[in-house]
Amino acid sequence: TTTTSTVGYTLNGSGGVIVATGGTDTTTNLSYTGVLAAPAGATVVTPLTTLLAANSSLSAADLKSALGLTVDPLTFNPYATGVNTADALIAEGAAAQVNTILTNVAVSVNGASAGAVSLADSVSAVATKLAAQVVDQAAALKANPTAGTLNLTSDTVLNTLVTNVKTAVQSKVTLSDADFSTALTTTKATNTTISNVVSTKGSISTISSTLKTAQGN
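Quantities reported herein were computed from a predicted structural model and do not represent experimental measurements.

Let us look at the side chain of Ser-113. Tracing the backbone through its elements, the reader meets Ser-113 in the loop between helix H3 (85–112) and helix H4 (119–143). According to the relative accessible area criterion, Ser-113 is buried, its value standing at 7%. Among the polar contacts listed, one links the side chain of Ser-113 to the backbone oxygen of Asn-110, at a separation of 3.1 Å. Not counting chain neighbours up to four residues away, the residues in contact with Ser-113 comprise Val-173 and Leu-175.

This paragraph deals with the environment of Lys-64. Looking at where Lys-64 falls in the secondary structure, it is placed in helix H2 (residues 60–67). On the basis of relative accessibility, which here comes to 32%, the residue Lys-64 falls in the partly exposed class. With 85 residues separating them in the primary sequence, Lys-64 and Thr-149 have C-alpha atoms 9.6 Å apart. Not counting residues within four places of it along the chain, the set of residues in contact with Lys-64 comprises Leu-69, Thr-70 and Val-71.

Time to look at unusual backbone geometry. Glycine aside, residues mostly have negative phi, and peptide bonds are mostly found in the trans state. Positive phi outside glycine occurs at Ala-114, with the angle close to 55°. As for its placement among the helices and strands, Ala-114 is situated in the loop between H3 and H4. Residue classification places Ala-114 among the exposed positions, given a relative accessible area of 72%. One non-glycine residue, Lys-201, lies in positive phi territory at about 55°.

Under the definition given, this model contains four salt bridges. Ionic pairing is found between Lys-172 and Asp-121, a salt bridge with its closest N-O pair at 3.4 Å. Here Lys-172, found in the loop between helix H5 (155–168) and helix H6 (181–199), pairs with Asp-121, found in helix H4; they are 51 residues apart in sequence, far enough to count as distant. Take Lys-172: its relative accessible area is 47%, and that puts it in the partly exposed class.

For helix H7 (residues 204–214), the set of buried residues is Ile-204, Ile-207, Ser-208, Thr-210 and Leu-211. Looking down the long axis of H7, one finds its buried residues gathered within 160° of arc, a one-sided arrangement. For H7, the elements touching its buried residues are H3 and H6. Of the residues trailing H7, Gly-216 is marked for its positive phi of about 80°.

Here is what the cut-offs are and how they apply
Residues numbered from 1 in each chain as written. Predicted model: local features only at pLDDT ≥ 70, side-chain atom pairs only at ≥ 80, totals over all residues. Heavy atoms only, no water. Helix = DSSP H or I, 4+ residues; strand = E, 2+ residues; numbered from the N terminus. Buried < 20%, exposed > 50% of the residue type's maximum accessible area, 1.4 Å probe, protein only. Polar contact = N/O pair within 3.5 Å; in protein donor to acceptor, adjacent residues only side chain to side chain. Contact = heavy atoms within 4.5 Å. Salt bridge = Lys/Arg side-chain N within 4 Å of Asp/Glu carboxyl O. Arc of directions from axis to C-beta.

Okay, structure coming up:
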């Protein structure tokens, strides 16, 4: 099916993972070439729901706590009319950071493998491993409420992710850290800017501009 201009959609049947690709990214108004997913029952398809679809061990509640969300990631649309602007900013900030990671790291896998790992499989590998890190952070928070949320600008978090992704695709291609150096530099810079927008109570439009700039437009 094709979404409406307000990102609405209607699906026939029930059950199964929802997959979205192609079209125009309404955040940046640029062509979208990535792959997003959501578990059955979700009413939105976002980078956040992509993590939930990729790893069944990750619950919506754990995603919410590990990323510091104030809304249900399976249903919340930050661009919907009448939503709380503070909730929308936090949710869109987290989604934008996750999307930056999924896009940059997956493109690196796909490119460095010369297509041996498809873009869809690359996104799936990155989403699965990032979701596992979210699961671990949620567990840490349950054990220690002061553990904090998962820092998506952290060198440790990003480097650990790359290590895990390299292992996940090693049956198809052997990748080195150098294959991800540009992606990690860009990701850290973009996600730091997004984090600053959220912490200073900026706007969703500024996040959109940040993503658009990061994509070279």
